[in-house]
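This is what each chain is made of:
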Amino acid sequence: MAAALPVFTVLSAVVSAVGAMRQGEMASAAGNYNATINEQNAAIVRQNAADKAKQADREKYLRLGAIRAAQGRSGGTADSGSVLDVLGDVAAQSELEKQQIIYQGEQQARGYTNTAQLDRAGADNAESSGMFKAGSELLGGFSSYYNINDRLVRR
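Computed from a predicted model, the values in this text were never measured in an experiment. (Residues numbered from 1 in each chain as written. Predicted model: local features only at pLDDT ≥ 70, side-chain atom pairs only at ≥ 80, totals over all residues. Heavy atoms only, no water.)

Participant: Lay out the overall build of the protein in plain terms, naming residues and giving numbers.
Facilitator: Secondary structure assignment for the protein yields two helices and zero strands. By residue count, 21% of the 155 residues in the protein fall in the buried class. (Helix = DSSP H or I, 4+ residues; strand = E, 2+ residues; numbered from the N terminus. Buried < 20%, exposed > 50% of the residue type's maximum accessible area, 1.4 Å probe, protein only.)

Shown next as structure tokens:
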């Protein structure tokens, strides 16, 4: 039975090493999956912001058209005085709203992109960590094997 002890020690080290490698691979796969999801979310947020910006532009043109139509109904022209001031003000405010939509979308997308980068780095680290842990398990197992074998031989 004592002779089997070194063999079990080595087998235990091998099983532990394989487990450590598999754990690192699984953590890496999870990190890469999360990174992919975050990259997709960033693309979705950017597209949503672009769509909202287009809608803001459309609303701006509708507002400007309504102002021009109202001025025309009242007998004035849309190319002089306070009407121009109102048109300019509405156009400027609408452009500001559009730029805020784009900026907020980009900020949210950057958050997803940064998280994706962290997920990928974590995936790489998990895989490396699994390999180092596997190596450590093997070295520890072989060290134990040597110590047990050495004790058995000295008896």
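Participant: Describe the packing of aromatic side chains, and please don't skip the residues or the numbers.
Facilitator: Under the definition given, this model contains zero aromatic pairs. Its guanidinium or amino end placed over the ring of Tyr61, Lys60 lies 4.9 Å from that ring's centre, counting from NZ or CZ. (Phe/Tyr/Trp six-rings, centres within 6.5 Å; stacked < 30°, edge-to-face > 60°. Lys NZ or Arg CZ within 6 Å of the ring centre and 35° of its normal.)

Participant: Break down the pattern of salt bridges for me, with residues and values.
Facilitator: The final tally for this structure, using the stated rule, is eight salt bridges. Across the pair Arg46 and Glu106 runs a salt bridge whose closest N-O atoms are separated by 2.9 Å. Pair noted here: Arg46 is in helix α1 (residues 4-73) and Glu106 is in helix α2 (residues 81-154), with a separation of 60 residues, a long-range link. Residue Glu106 is classed as partly exposed on the basis of its relative accessible area of 26%. For Arg63, the salt bridge is made with Glu59, and the minimal N-O distance between the two is 3.9 Å. You can see Arg63 and its partner Glu59 sitting in helix α1, four residues apart, about one turn around the helix. Since its relative accessible area comes to 32%, Arg63 is described here as partly exposed. Looking at Glu59, the relative accessible area reads 36%, which means it is partly exposed. The network of salt bridges with shared partners includes Arg46, Glu106 and Arg110. (Salt bridge = Lys/Arg side-chain N within 4 Å of Asp/Glu carboxyl O.)

Participant: Report on the environment of Gln71, specifying residues and quantitative values.
Facilitator: Structurally, Gln71 is set in helix α1. Gln71 sits twelve residues away from Val83 along the chain, and the two C-alpha atoms are 7.4 Å apart.

Participant: Now, about the environment of Ile44: what can you tell me, with residues and values included?
Facilitator: In this fold, Ile44 is placed in helix α1. C-alpha separation for the pair Ile44 and Ala109, spaced 65 residues apart in sequence, amounts to 8.2 Å.

Participant: Now, about the environment of Met26: what can you tell me, with residues and values included?
Facilitator: Within the fold, Met26 resides in helix α1. Given the relative accessible area of 45%, Met26 is considered partly exposed. For Met26 and Gly130, which are 104 residues apart along the polypeptide, the C-alpha to C-alpha distance reads 9.6 Å.

That's the geometry; what it means functionally is another story.
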